[in-house]
Amino acid sequence: MAGMKEIRGKINSVQNTCKITKAMEMVAASKMRRAQERMRAARPYANKVRDIIAHMSEANPEYRHPFMVKNERAQTAGLIAVTTDKGLCGGMNTNMLRAIVQKFKDLAAHGIQIESTAIGSKGIALLNSFGSKILSQVTHLGDTPHLEQLIGAIKIQLDRYSQGELSAVYLAYTRFIHTMKQEPIIEQLLPLTNERFDKRIEDTTPNTLWGYIYEPDAQLVIDDLMVRYIETLVYQAVIENIASEQSARMVAMKAASDNAKTVINDLQLVYNKSRQAAITKELSEIIGGAAAI
């Protein structure tokens, strides 16, 4: 009977766990839809800013912003790592952190150290374990992040690049492909490459020269717009990462719920076998006693 009691306790425990994972799956599904809506709503603005930057770079070839100039002498690179604050989202953070580790090794092979900005608690833990210098960090952004929460942390990396102290700035995040697939991405944020702008011009209005009237000054306008452009790229990465997080969590909790049901069925089968064996034993004792009398 003690064995049956233990099995019954395990069944109750797994059933309670299944209820929790099922509830988390439903919550993640609801948050995922809202995160996808925010992600899609932010894309037109990011694309429009990218168009304007591309055309202004063509319209003002005599002025090159510091973000478009390579710092050849710098032996340090910057990394903005976007991860999650919470776990239970499958292998999403593990895949992202594995990509970051590989980037560390590639840059170290060229004698380049990394100074990091961590967005999310999981990234802070990894960067600390590698001994990377963390210049700034942002945590607990919630499900609806605001650009104001990111500007301070991002500005430190941008200022250091403008001062020539960083050779490049990389952005690491998880790109949302669809509900079942999320892809870890590490892309170069600075210096901005002409290839990206040239491609953007070809995709929008080929063979068209844009003219602008600047107030108060072209250099001031371009400087402010460049900073806003970089901030928009980082904000878009954070939005993509949140959508990926909720999708990965929904899939992970669904898998956990399905596994819990399988475990419950297996335990129920063991319990029934134990109960049947106990009943058979009692019947054998009763029959044996009756025969002895």
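Residues numbered from 1 in each chain as written. Predicted model: local features only at pLDDT ≥ 70, side-chain atom pairs only at ≥ 80, totals over all residues. Heavy atoms only, no water.

Draft legend 1. Summary view of a nonpolar patch on the surface. A cluster of nonpolar residues, Ile279, Leu283, Ile286 and Ile287, forms a patch on the protein surface that exposes about 400 Å² of accessible area. Residue position: Ile279 is located in helix 6 (residues 218–292). (Patch = residues over 30% accessible without salt bridge, like charges linked within 9 Å, V, L, I, M, F, W, Y side chains within 5 Å. Areas by Shrake-Rupley, 256 points an atom, 1.4 Å probe, with all protein chains shown as cover. Salt bridge = Lys/Arg side-chain N within 4 Å of Asp/Glu carboxyl O. Helix = DSSP H or I, 4+ residues; strand = E, 2+ residues; numbered from the N terminus.)

Draft legend 2. Up close: the environment of Ile100. Inspection of the secondary structure assignment puts Ile100 in helix 2 (residues 92–109). You can call Ile100 buried: its relative accessible area is 1%. Placed 86 residues apart in sequence, Ile100 and Ile186 show a C-alpha to C-alpha distance of 7.7 Å. (Buried < 20%, exposed > 50% of the residue type's maximum accessible area, 1.4 Å probe, protein only.)

Draft legend 3. Structural view of helix 3 (residues 121–129). Within helix 3, burial applies to Gly123, Ile124, Leu126 and Leu127. Summarising the contacts, the buried residues of helix 3 are in contact with helix 2, strand 2 (113–119) and strand 3 (133–138). Phi turns positive one or two residues past the end of helix 3, at Gly131, with a value near 75°. (Contact = heavy atoms within 4.5 Å.)

Draft legend 4. Focus on the pattern of salt bridges. What the rule picks out here adds up to 8 salt bridges. In this structure, Arg160 engages Glu115 in a salt bridge whose closest nitrogen and oxygen atoms are separated by 2.7 Å. Taken together, the positions of Arg160 in helix 4 (residues 147–162) and Glu115 in strand 2 put the pair 45 residues apart, joining distant regions of the chain. Owing to a relative accessible area of 19%, Arg160 belongs among the buried residues under this scheme. For Lys254, the salt bridge is made with Asp258, and the minimal N-O distance between the two is 3.3 Å. With Lys254 and Asp258 both in helix 6 and 4 residues apart, the pair spans about one turn of that helix. Salt bridges linked by common partners bring Glu115, Arg160 and Glu165 together as one network.

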